[in-house]
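Chain and residue survey
Here's the letter readout for the chains.
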Amino acid sequence: MRPFVAIDTATEQVAVGIGDLDDPGSVLAERSFLAPRAANEVLVRTVEDLLEEVGARASDVEAVACGRGPGSFTGVRIAVATAKGMAHGLRAPLVGFGTSEAIAHRWTRPGLVGVVTDAMRGEVYPALFRVEGDGVVKRLSSDRVATPQEVAAEWTGLGERVVLIGTGLRKHRAVFQREMGDRAAYAEERLWVPDGASIVHAAWVAEGASTLRAIAGLSRDHAYAAAHPAVLLPVYTRLSDAEEAERKRAGLSREPGATGVAGPSEGGDHS
């Protein structure tokens, strides 16, 4: 057994899972629970409890996997900062995965799945996936921010029913119901946030050079070099209110890309 730790706090849900680099897709232990504005107080202790549950010590951890968002600005930063600290301290590789992927993995039936995470400001973070018959989840769109009306119009035009899932439904379900009609179905609310198992699965499907699949077959030292903790960045989709105001004062209008900087909005803390 070569255990790795996966964490995500991009929503109000704290999700922690323990996987095995020698057994792709397996979940050795997992825990998830709501902890509004308290993720920083319970995250490390939850990791310690799960490692103890599987009979592992911190020094046994072969890799750390972290949800990069998009989601709550503060929540994403808690997970990324905690993961970086763990990985640096253990000299373990740090890999990332999308929070939207983790939510999509809560749905297991074949078909289109539309993740709509609350982005505040009357907007959502939409991401479209297809769940195949073998349970494989494939991403069909990139991370962005949009209004519910824009997303509903786009997904209605696909000509196929889309199962909607995510915290954005708490505020905007009526918009999707009105605009999409019978083109949309809705996952039950308990599935709208990641859990420990779904983040382990999301970590395994992430693609790229510094991902779990890319480093799983490497020695610890080579994996650490290939996925050094300093390299991982959160997924931000827009600037904070303060940064947008500063850009306007400076006469700038360019929006950031998927790894731009974002911050609090509408009294909340969403990136």
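Residues numbered from 1 in each chain as written. Predicted model: local features only at pLDDT ≥ 70, side-chain atom pairs only at ≥ 80, totals over all residues. Heavy atoms only, no water.

**Re the sheet that holds strand 7 (residues 124-131)**
What counts here: When DSSP finds at least two bridges between two strands, those strands are taken to pair. Here a helix means four or more residues in a row that DSSP labels H or I, a strand means two or more in a row labelled E, and each is numbered from the N terminus. For helices, the axis comes from a line fit to the C-alpha atoms of the stretch in contact; other axes are also lines fit to C-alpha atoms, and the angle between any two N-to-C directions lies between 0 and 180 degrees.
Across the sheet, five strands lie side by side as 8-7-6-9-10; this open sheet has mixed pairing. Every interior strand has two partners, whereas the edge strands, strand 8 (137-139) and strand 10 (184-186), have only one. Neighbouring strand axes in the sheet, compared pairwise and without regard to direction, differ in orientation by 35° on average. Relative to strand 7, strand 6 (residues 111-118) runs antiparallel, the two sharing eight bridges. Pairing of Gly114 across the sheet is with Leu128, part of strand 7.

**Quick word on the environment of His222**
This is how the line gets drawn: In this scheme, a residue with accessible area under 20% of its type's maximum is buried, one over 50% is exposed, and one in between is partly exposed, where area comes from a 1.4 Å probe on protein chains only. What qualifies as a polar contact is a pair of N or O atoms within 3.5 Å, subject to a donor-acceptor requirement within protein and to the restriction that residues adjacent in sequence count only when both atoms come from side chains.
Here His222 lies in helix 8 (residues 220-226). Exposure remark for His222: the relative accessible area of 56% places this residue in the exposed category. It is 8.9 Å that separates the C-alpha atoms of His222 and Pro93, two residues lying 129 residues apart in sequence. A distance of 3.0 Å separates a polar atom in the side chain of His222 from a polar atom in the side chain of Ser219.

**Some points on the sheet that holds strand 2 (residues 13-20)**
Rules: By definition, residues are in contact when any of their heavy atoms lie within 4.5 Å.
Taken in spatial order, the five strands make up an open sheet running 3-2-1-4-5, and their pairing is mixed. Two strands close off the open sheet at either side, each with one partner strand: strand 3 (27-34) and strand 5 (94-97). Each strand axis lies, on average, 15° off the axis of its neighbour in the sheet, ignoring direction. Pairing of strand 1 (residues 3-8) with strand 4 (residues 63-67) involves four bridges; the strand directions are parallel. By the bridge assignment for strand 4, Ala6 is matched with Ala65. In this fold helix 1 (residues 39-53) packs onto strand 1, strand 2 and strand 3, with an angle of close to 25° to the strand it touches most, strand 2. Along the sheet face, helix 6 (residues 196-205) touches strand 1, strand 2, strand 3, strand 4 and strand 5 and points at about 55° away from the line of strand 2.

**Observations concerning unusual backbone geometry**
With omega at 5°, the peptide bond leading from Gly69 into Pro70 counts as cis. Along the chain, Pro70 turns up in the loop between strand 4 and helix 2 (73-90). With a phi angle near 60°, Arg37 is a residue other than glycine that sits in the positive phi range. When you line up the elements, Arg37 lands in the loop between strand 3 and helix 1.

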